[in-house]
Amino acid sequence: QVQLVESGGGLVEAGGSLRLSCAASGRTFSTYVMGWFRQTPGKEREFVAAISTRGGSTSYADSVKGRFAISRDNAKSTLYLQMNSLKPEDTAVYYCAADPSPRTYYSSSYYSRVGPYDYWGQGTQVTVSS
């Protein structure tokens, strides 16, 4: 069982920055592919970013590319999402997710989908005011 706890959400003005964190339980965090997703009321969960087990490969949704950065600290079992130049349309609940049994190779298209992730956090609200 993997437990994920997000933090760092809040209210920020457009153009501002936030850093989200996701603390994971378990001793094998370094073997998980990790992702960030977001969701607004009435809409499906949307891919934001993903990162390979050692952090050597990352992928982003086009809507956040160049503004957001995903990273991980395997020694601390923590995933991060640095969000810069925030826009009102970034307002959502942000979720971290884990695939504890990743494929032998990292696939951007595969990990942009909800399906591969077995574990999800409870979410943290990000609100960007205009």
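Preceding this section is the structure that the text describes.
The text that follows walks through the structure, step by step, so that each part is easy to find. Numbering of residues starts from 1 in each chain and follows the order in which that chain's sequence is written. Reporting of local features is limited, given that this is a predicted model, to residues whose pLDDT is at least 70; pairs of side-chain atoms are given and counted only at 80 or more, and all residues count toward the totals for whole chains, interfaces and linings. Based on all heavy atoms of the structure, the side-chain values leave hydrogens and waters out of the count.

**Concerning the nonpolar core**
(1) Moving on: Buried residues of nine kinds, namely Ala, Val, Leu, Ile, Met, Phe, Trp, Tyr and Cys, make up a nonpolar core once their side-chain atoms join them within 4.5 Å. Each residue gets one of three labels from its accessible area relative to the maximum for its type: buried under 20%, exposed over 50%, partly exposed in between, using a 1.4 Å probe on protein chains only. Counting residues in each nonpolar core, the largest one holds 35 residues, and the members touching the most others are Met34, Trp36, Leu79, Leu81, Met83 and Tyr94.
(2) Moving on: Secondary structure elements are defined from DSSP: runs of H or I of at least 4 residues count as helices, runs of E of at least 2 residues count as strands, and each element is numbered from the N terminus. Among the secondary structure elements, those contributing two or more residues to this core are β3 (18–24), β4 (33–39), β5 (46–51), β7 (68–73), β8 (78–83), β9 (92–99) and β11 (124–129).

**Looking at the pattern of salt bridges**
Side chains that differ in charge, positive against negative, can pair when their charged atoms come close.
(1) Moving on: By salt bridge we mean one thing: a side-chain nitrogen of Lys or Arg within 4 Å of a carboxyl oxygen of Asp or Glu. Under the criterion given, the structure shown has four salt bridges.
(2) Moving on: Note that Asp62 is salt-bridged to Lys65, the shortest N-O span being 3.2 Å.
(3) Moving on: Owing to a relative accessible area of 67%, Asp62 belongs among the exposed residues under this scheme.
(4) Moving on: In this structure, a network of salt bridges that share partners links the residues Arg38, Glu46, Arg67 and Asp90.

**Regarding the state of the cysteines**
(1) Moving on: By disulfide we mean two sulfur atoms from cysteines, separated by a distance within 2.5 Å. All told, the structure shown has one disulfide when counted by the stated rule.
(2) Moving on: One disulfide bridge connects Cys22 with Cys96, the sulfur atoms lying 2.0 Å from each other. Classification of the bridge connecting Cys22 and Cys96 rests on its S-S torsion, roughly 55°, and on that basis the disulfide is right-handed. Here Cys22, found in strand β3, pairs with Cys96, found in strand β9; they are 74 residues apart in sequence, far enough to count as distant.
(3) Moving on: The exposure class of Cys22 is buried, given its relative accessible area of 0%.
(4) Moving on: A relative accessible area of 0% means that Cys96 is categorised as buried.

**With respect to unusual backbone geometry**
(1) Moving on: Of note, the phi angle at Ser77 is positive, near 55°, even though the residue is not glycine.
(2) Moving on: If you trace the backbone, Ser77 turns up in the loop between β7 and β8.
(3) Moving on: The backbone phi angle of Ser85 is positive, close to 50°, even though this residue is not glycine.
(4) Moving on: For Ser85, the position within the fold is in the loop between β8 and β9.
(5) Moving on: By relative accessible area, which is 42% here, Ser85 ends up partly exposed.

**Describing the side chain of Ser52**
(1) Moving on: Summarising the element assignment, Ser52 is placed in the loop between β5 and β6 (58–60).
(2) Moving on: On the accessibility criterion, Ser52 (9% relative accessible area) is buried.
(3) Moving on: Contact partners of Ser52, with chain neighbours within four places excluded, come to Val33, Ser57, Arg72 and Tyr106. Residues are treated as being in contact if the distance between any of their heavy atoms lies within 4.5 Å.

**Details of the pairing of β8**
It is a general feature of regular strands that their side chains alternate between the two faces of the sheet.
(1) Moving on: The buried fraction of β8 amounts to five of the six residues, a majority that puts the element mostly inside the structure.
(2) Moving on: Examined bridge by bridge, β3 and β8 share six bridges and lie antiparallel to one another. Each bridged residue has a counterpart across the sheet, and for Ala23 the counterpart in β8 is Thr78.
(3) Moving on: At least two DSSP bridges between two strands are needed for those strands to be called paired. Pairing geometry for β7 and β8, over six bridges, is antiparallel. Along β8, the bridge assignment pairs Ile70 with Leu81.
(4) Moving on: Taking the residues between adjacent antiparallel strands as the criterion, β7 and β8 are bridged by four residues, where Ser77 takes a positive phi near 55°.

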